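# Observations on chain architecture
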Amino acid sequence: NLTGVQTCALPILVLIRGVARLNESDAVDTLLRVLDDRAPALQVTAATALGILKARAAVDELTDALFDENASLQRAALSALVTIGDRQCVPVLIDLLETRDVARRKETVKALQTLTAQKFGDNPEAWKRWWGSQ
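Below or above, wherever it landed, is the structure these notes cover. As the structure is a prediction and not an experimental result, all values here were calculated from the model. (Residues numbered from 1 in each chain as written. Predicted model: local features only at pLDDT ≥ 70, side-chain atom pairs only at ≥ 80, totals over all residues. Heavy atoms only, no water.)

## Let's talk about the nonpolar core
- Membership of the largest hydrophobic core comes to 35 residues, with the highest contact counts inside it found for Leu-35, Leu-50, Leu-62, Leu-66, Leu-93 and Leu-112.
- Of all the secondary structure elements, the ones that give two or more residues to this core are helix H2 (24-35), helix H3 (40-52), helix H4 (59-65), helix H5 (71-84), helix H6 (90-96), helix H7 (102-116) and helix H8 (124-132).
- The element that contributes the greatest number of residues to this core is H5, accounting for seven residues.
- Not counting chain neighbours up to four residues away, the residues in contact with Leu-66 comprise Gln-74, Ala-77, Leu-78, Leu-81, Val-92, Leu-93, Leu-96 and Arg-104. (Core = buried A, V, L, I, M, F, W, Y, C linked by side-chain atoms within 4.5 Å. Buried < 20%, exposed > 50% of the residue type's maximum accessible area, 1.4 Å probe, protein only. Helix = DSSP H or I, 4+ residues; strand = E, 2+ residues; numbered from the N terminus. Contact = heavy atoms within 4.5 Å.)

So, in structure tokens, the structure goes:
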């Protein structure tokens, strides 16, 4: 009998092994389909893998995942976006600074600082002024 953790880890291991056999383009396509799945553990794994692959083709989908109801997927998508390093998500991150969730705001500030090398704290107006000047 598999425990809950093993049951959750098994599909993740299968996903990782399957993706490892694909070329990078096919891997990104496969991971994007998994990201669109409703299995939270697989979504988080797919987001993480897209970050590891630095898949610029996934930036739009990862940005959309920032608004998923699954907080773990939100964090994985944010981390992947930072790892990818594509600044096209910056306007969305600036908008996320207006959330009431203090922890999420802090994570977003760190992501913005890493992506932009700027330090405006959690002040969305300062970030918007700076971004508008870019």
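## Some details on H7
- In this model, H7 (15 residues) spans 21 Å end to end at C-alpha, consistent with the 21 Å of a helix rising 1.5 Å per residue.
- Those residues of H7 not exposed but buried are Arg-104, Arg-105, Thr-108, Val-109, Ala-111, Leu-112, Leu-115 and Thr-116. Down the axis of H7, the buried set is contained in an arc of 165°. They therefore lie on one face. Exposed positions of H7 whose direction lies more than 90 degrees from the buried face are Lys-106, Lys-110 and Thr-114.
- Among the structural elements, H5, H6 and H8 are those in contact with the buried residues of H7.
- Looking one or two residues beyond H7, the residue adopting positive phi is Ala-117, at roughly 60°. (Expected span 1.5 Å × (residues − 1). Arc of directions from axis to C-beta.)

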